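# Understanding the architecture of this molecule
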Amino acid sequence: MTNDPAQTGDLIQRAYVNLKSVRDNLTSGYVHEEGFFQMFNRALDELGQVGIDVSEWRLPHGAVGNTDANEFRAKIDAILMYFTIQQNKIQIGFHK
């Protein structure tokens, strides 16, 4: 885990652009491109390096060829929405 704010910001930005790139380049059907999974996993690893728990968004071992593009996009969307809410300090309806 890194404590350097500049490095933290850089890792988060790299994770964001990699996730966005994977999401934008997915076609329909099952995803067979191993490079997409490598970019996705690298982005999650970078987020993990800055202390963000990303375990719930990990894809299972053997996901290549067994993950539908819509499922992959939904997982990426969830990660990106999490950061939008966190960065903008948006309060959602689950508070008192």
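Computed from a predicted structure; not experimentally measured.

Helix and strand counts for the protein chain come out as 3 helices and 0 strands. The secondary structure elements of the protein chain, listed N-terminal to C-terminal, are α-α-α. Restricting the contact set of the protein chain to residue pairs at least 6 apart, pairs at least 24 apart contribute 69%. Element-wise, carbon and sulfur atoms account for 51% of the exposed surface of the protein chain, whose accessible area totals about 6400 Å².

What follows concerns the pattern of salt bridges. Overall, the coordinates contain 4 salt bridges when judged by the stated rule. The closest approach of N and O atoms between Arg14 and Asp10, which form a salt bridge, is 2.7 Å. Of this pair, Arg14 and Asp10 are both found in helix H1 (residues 5–25), 4 residues apart, which corresponds to roughly one turn of the helix. For Arg23, the salt bridge identified is with Asp77, shortest N-O distance 2.6 Å.

Attention now goes to the environment of Asn70. Of note, Asn70 is situated in helix H3 (residues 69–88). Judged by its relative accessible area of 52%, Asn70 is exposed. When the C-alpha positions of Asn70 and Val31 are compared, they lie 9.5 Å apart, and in sequence the two are 39 residues distant.

Time to look at the nonpolar core. Formed by 24 residues in total, the largest nonpolar core has its most connected members in Phe40, Leu47, Phe72 and Ile79. Setting aside chain neighbours within four positions, we find Phe40 in contact with Leu19, Val22, Trp57, Leu59, Phe72, Lys75, Ile76 and Ile79.

Here we come to the packing of aromatic side chains. Taken as a whole and assessed by the stated rule, the structure comprises 4 aromatic pairs. Here a set of aromatic residues connected by ring pairs shows up, and it is made of Phe37, Phe40 and Phe72.

Across the protein chain, pLDDT averages 89, with 88% of residues at or above 70. Per-element confidence in the protein chain ranges from a low mean pLDDT of 89 for H3 to a high of 95 for helix H2 (residues 34–49).

Once that is clear, we can look at the side chain of Lys75. With respect to the helices, strands and loops of the structure, Lys75 is situated in helix H3. Despite its burial, Lys75 remains without a salt bridge, the nearest opposite charge being carried by Glu71 at 5.7 Å. Apart from the residues lying within four places of it in its own chain, the contact partners of Lys75 are Phe40, Glu56, Trp57, Arg58 and Leu59.

The rules we used
Residues numbered from 1 in each chain as written. Predicted model: local features only at pLDDT ≥ 70, side-chain atom pairs only at ≥ 80, totals over all residues. Heavy atoms only, no water. Helix = DSSP H or I, 4+ residues; strand = E, 2+ residues; numbered from the N terminus. Contact = heavy atoms within 4.5 Å. Areas by Shrake-Rupley, 256 points an atom, 1.4 Å probe, with all protein chains shown as cover. Salt bridge = Lys/Arg side-chain N within 4 Å of Asp/Glu carboxyl O. Buried < 20%, exposed > 50% of the residue type's maximum accessible area, 1.4 Å probe, protein only. Core = buried A, V, L, I, M, F, W, Y, C linked by side-chain atoms within 4.5 Å. Phe/Tyr/Trp six-rings, centres within 6.5 Å; stacked < 30°, edge-to-face > 60°. pLDDT = per-residue confidence, 0-100. Lys, Arg positive; Asp, Glu negative; His and termini not counted.

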